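Tertiary structure, described
Each chain, letter by letter, is given below.
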Amino acid sequence: MQKPKSKFIKVRCNDCENEQALFEKASTTVHCHICGSKLAIPRGGKAKIKGKILEIIE
Ligand SMILES: [Zn+2]
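A few points on the structure. (Residues numbered from 1 in each chain as written. Predicted model: local features only at pLDDT ≥ 70, side-chain atom pairs only at ≥ 80, totals over all residues. Heavy atoms only, no water.)

**Side note on the overall build of the chain**
The following threshold applies: For helices the rule is a DSSP run of H or I covering at least 4 residues; for strands it is a run of E covering at least 2, with both sets numbered from the N terminus onward. Within these notes, the globule rule equals 2.2 Å times the number of residues to the 0.38 power, and the radius of gyration is based on C-alpha atoms. Categorising residues by exposure relies on relative accessible area from a 1.4 Å probe, with only protein chains included: less than 20% of the type maximum marks a residue as buried, more than 50% marks it as exposed, and the intermediate range marks it as partly exposed. For the area figures, the Shrake-Rupley method with a 1.4 Å probe applies, and any residue is considered shielded solely by the protein chains shown. Neither His nor the chain ends is counted toward charge; the positive residues are Lys and Arg and the negative residues Asp and Glu. Taken as the charge location is NZ of Lys, CZ of Arg, CG of Asp or CD of Glu.
Each helix and strand in the chain was counted, giving 0 helices and 6 strands. Each helix and strand of the chain, placed in order from N terminus to C terminus, yields the pattern β-β-β-β-β-β. Its C-alpha atoms give the chain a radius of gyration of 11 Å, within 12% of the compact-globule value 10 Å for 58 residues. For the chain, the proportion of its 58 residues judged to be buried stands at 28%. Summed over all atoms, the accessible surface of the chain reaches about 4400 Å², with 48% contributed by carbon and sulfur. Measuring between centres, the 12 positive side-chain charges of the chain sit 8 Å from its 6 negative side-chain charges.

Below you can see the structure in the form of structure tokens.
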């Protein structure tokens, strides 16, 4: 049996440098907690990441 791989990634906001963990396959748009900037946009599978990816948390 195979488990589906799901990862969290740590992303830094381009606008305010807030660091935030989010799901790699986000199904909804993820906004920065601090400034509301878009950090991830769902794209049928992996989300498109708008900020800078700092770390992948498995
Ligand atoms: Zn921000």
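**Observations concerning the sheet that holds strand 5 (residues 48-49)**
For the record, the criterion: Following DSSP output, two strands are said to pair if at least two bridges run between them.
The sheet built from 3 strands is open, its strands ordered 3-4-5 with antiparallel pairing. The strands lining the two open edges of the sheet, one partner per strand, are strand 3 (30-31) and strand 5. Across 2 bridges, strand 3 lies against strand 4 (residues 38-41) in antiparallel orientation. Within strand 4, the position partnered with valine 30 by the bridge is alanine 40.

**Describing the pattern of salt bridges**
To keep things clear, this is the line we draw: We count a salt bridge whenever a side-chain nitrogen from Lys or Arg sits within 4 Å of a carboxyl oxygen from Asp or Glu.
Applying the stated criterion across every chain yields a total of 3 salt bridges. Among the salt bridges present, the one from glutamate 19 reaches arginine 12, with a minimum N-O distance of 3.5 Å.

**With respect to a positive patch on the surface**
We count it as follows: What goes into a patch is any residue over 30% in relative accessible area without a salt bridge, connected to like charges within 9 Å or, for nonpolar side chains (Val, Leu, Ile, Met, Phe, Trp, Tyr), within 5 Å.
Taken together, the side chains of Lys38, Arg43, Lys48 and Lys50 define a basic patch exposed on the protein surface. Position of lysine 38 relative to the elements: it lies in strand 4.

**A word on the coordination of the zinc ion**
Tetrahedral coordination by four donors sets the ideal angle at the metal to 109.5 degrees; octahedral coordination by six donors sets it to 90 or 180 degrees. Rule in force here: Think of the donor list as every N, O and S atom within 2.8 Å of the metal, or within 3.2 Å for Na, K and Ca; water never makes the list, so a site can look incomplete. The geometry test gives tetrahedral to four donors whose angles all lie between 85 and 135 degrees, gives square planar to four donors and octahedral to six donors whose opposite members are over 155 degrees apart with all other angles between 65 and 115, and gives irregular to the rest.
Within the protein, the zinc ion binds to Cys13 (SG), Cys16 (SG), Cys32 (SG) and Cys35 (SG); these donor distances fall in the range 2.3 Å. Coordination at the zinc ion comes from 4 donor atoms whose angles at the metal span 103 to 116°, giving a geometry best classed as tetrahedral. Each donor residue of the zinc ion belongs to the same chain, and together they define the spacing C-x2-C-x15-C-x2-C. Here the residue cysteine 16 occupies a position in the loop between strand 1 (8-12) and strand 2 (19-23), and cysteine 35 occupies one in the loop between strand 3 and strand 4, the gap between them amounting to 19 residues. Cysteine 16 sits in the partly exposed class, given a relative accessible area of 30%.

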